[in-house]
Amino acid sequence: MSEHRSIDPFAPWTLRGLELKNRFIKAATFEGHCPGGRPDREGLAAFHEAFAKGGVGLCTVSYGSVEPGGRTFDDQMCLQDDILDDLKCVTDAIHRHDAKAAIQLAHCGGLSKWSGWTGRRARGPSAGFNGMGAFIGSPLIRAFRVDELKTLAEQYGQASQRAVSAGFDVLELHMGHGYLLSQFLCPRLNKRDDDYGGSQENRARFPIEVLRAVRQAVGDSVPIIVKLNLRDGFRGGVELEDSVPFACQLEAADADALVLSGGFSGRNAMYLFRGPTFVEALIKVQRRWIDRVIYRMARPSLRSMPFEELYFMKHARQVRKAVGLPLICVGGVQSLASVHRALEHTYDAVQLGRALIHDPALVNHYRDGEKTESGCTVCNLCVAEMDRDGVKCVLNDALPARVRIAA
């Protein structure tokens, strides 16, 4: 176990020159507030303002695709020029409460569901089968050409510049959970025989190129956080022998902090969530029969898993031994005692998802001594709500619902 540290979670800390008022971060969780891919300006702003008002130091807007073909759902945003005014309303709402704003930049790669956006097949590190596209568009994945990877890295840089112009203070690069950069890192999915496949160093090459492109695009003053998997959670996926050296490579490439997560969309998503499955509830809220069929097919990848607090920490300690970067805890932070335990030995900050969805003012309650437990039961039914009227807690509807726009 690493050396005991005394860190006050409510005290200010600095990330690449940016002062954050505390060490609590709202994790990027899909909000369900971008109908048709465009932010519901008032709804998305109100959703995140609740967490900023409730005390978090940094609030993360989820999944901004860097190009139209990088989305898994039609209600995910694409970070293009035409939505920047909408996003400025979101960052303004967060800033009103002395909190900072982050946005998650991502690309889904071979998990592209809606081929109608681009008129082309899903693209990934290698050719293969796209289960999410089996009923809509082509089920086949085409491997990215090297020239396309260069273009995509540039698109990451352009998206990051747009995000900064919209008022975001921090960028989070999503390199986990089975999305494109995670697919490149995964030995089972990346079968390339060029410089972007094979060895761990080669599989990490494109994610590192993306990080460098983003750093070059936004300069030295903007903090860049990277979310990566410690383990993918299935045979043939990323293991600690891959993720620990990758963390070292990210540090060398000028990342500012690492969010250490796990799990793989489409294969073992419950490795990320833990607890009871939400798949049956998700099936019920689908409006289209084809979506119900797709989620029924996804049942094997959404089996319930035992829950425990801080369930990634035992693996994160191996990264702590290898890098000096700030590490951010996500997964099973359901009590103030867990916050202190995480910061004592391994992490430098904590990301909260379900606990804040249950109680957006939880950080203030912790600070003021009004609560020591989150109250979240880890039922996971909030996940299913993303396809109804926006993510919310089914036990405590404290978040604003999305105003539906008639088609």
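Everything below is about the structure shown above.
The rules behind each value
Residues numbered from 1 in each chain as written. Predicted model: local features only at pLDDT ≥ 70, side-chain atom pairs only at ≥ 80, totals over all residues. Heavy atoms only, no water. Axes fitted to C-alpha atoms, helices over the stretch in contact; angles between N-to-C directions. Helix = DSSP H or I, 4+ residues; strand = E, 2+ residues; numbered from the N terminus. Parallel < 35°, antiparallel > 145°, perpendicular 65-115°, else oblique. Left-handed = near helix turned anticlockwise from the far one by under 90°. Contact = heavy atoms within 4.5 Å. Nonpolar A, V, L, I, M, F, W, Y, C, P; charged D, E, K, R; others polar. Core = buried A, V, L, I, M, F, W, Y, C linked by side-chain atoms within 4.5 Å. Buried < 20%, exposed > 50% of the residue type's maximum accessible area, 1.4 Å probe, protein only. Pairing = 2+ DSSP bridges.

1. Describing the packing of helix α3 (residues 146-165) against helix α6 (residues 205-218)
Here is step 1: It is at 8 Å that the axes of α3 and α6 come closest, and there the two elements cross at 40°. On the basis of their axis angle, the class for α3 and α6 is oblique. Like other packed secondary-structure pairs, α3 and α6 cross with a definite hand, here right-handed. Taken together, the residues of α6 that come into contact with α3 (itself represented by Leu-149, Lys-150, Leu-152, Ala-153, Tyr-156, Gly-157, Ser-160, Gln-161 and Val-164) are Phe-206, Glu-209, Val-210, Ala-213, Val-214, Ala-217 and Val-218.
Here is step 2: Broken down by class, the residue content of the contact of α3 with α6 amounts to 11 nonpolar, 3 polar and 2 charged.

2. Here we look at the nonpolar core
Burial of nonpolar side chains together is a common tendency in soluble globular proteins.
Here is step 1: Ile-103, Leu-173, Phe-206, Leu-250, Leu-258 and Tyr-347 are the most contacted members of the largest nonpolar core, which totals 106 residues.
Here is step 2: For this core, the element with the most residues is α6, which contributes 7 residues.
Here is step 3: Beyond its immediate stretch of four places on either side in the chain, Leu-258 contacts Val-226, Leu-228, Ala-247, Leu-250, Leu-325, Pro-326, Leu-327 and Ile-328.

3. Thoughts on the packing of helix α7 (residues 240-252) against helix α11 (residues 313-320)
Helix packing for two helices is described by the angle between their axes and how far apart those axes are.
Here is step 1: As a packed pair, α7 and α11 sit with axes 9 Å apart at the nearest point and diverge in direction by 45°. Classified by the angle between their axes, α7 and α11 sit oblique to one another. Both α7 and α11 take part in a crossing whose hand is right-handed. Listed contacts from α11 to Leu-240, Val-244 and Ala-247 of α7 are His-315, Gln-318 and Val-319.

4. Details of the environment of Lys-314
Here is step 1: Relative to the helices and strands, Lys-314 resides in helix α11.
Here is step 2: Separated by 32 residues in the primary sequence, Lys-314 and Thr-346 place their C-alpha atoms 9.1 Å from one another.

5. Observations regarding the pairing of strand β10 (residues 170-175)
Here is step 1: Of all 6 residues in β10, 6 are buried; the element is thus mostly enclosed.
Here is step 2: With burial as the criterion, each face of β10 is covered, one bearing Val-170, Glu-172 and His-174 and the other bearing Leu-171, Leu-173 and Met-175.
Here is step 3: By the bridge criterion, 4 bridges tie strand β6 (residues 100-106) to β10 in an arrangement that is parallel. In the sheet register, Leu-105 faces β10, and the bridge partner there is Leu-173.
Here is step 4: The pairing of β10 with strand β11 (residues 224-231) spans 5 bridges and is classified as parallel. In the sheet register, Leu-173 faces β11, and the bridge partner there is Val-226.

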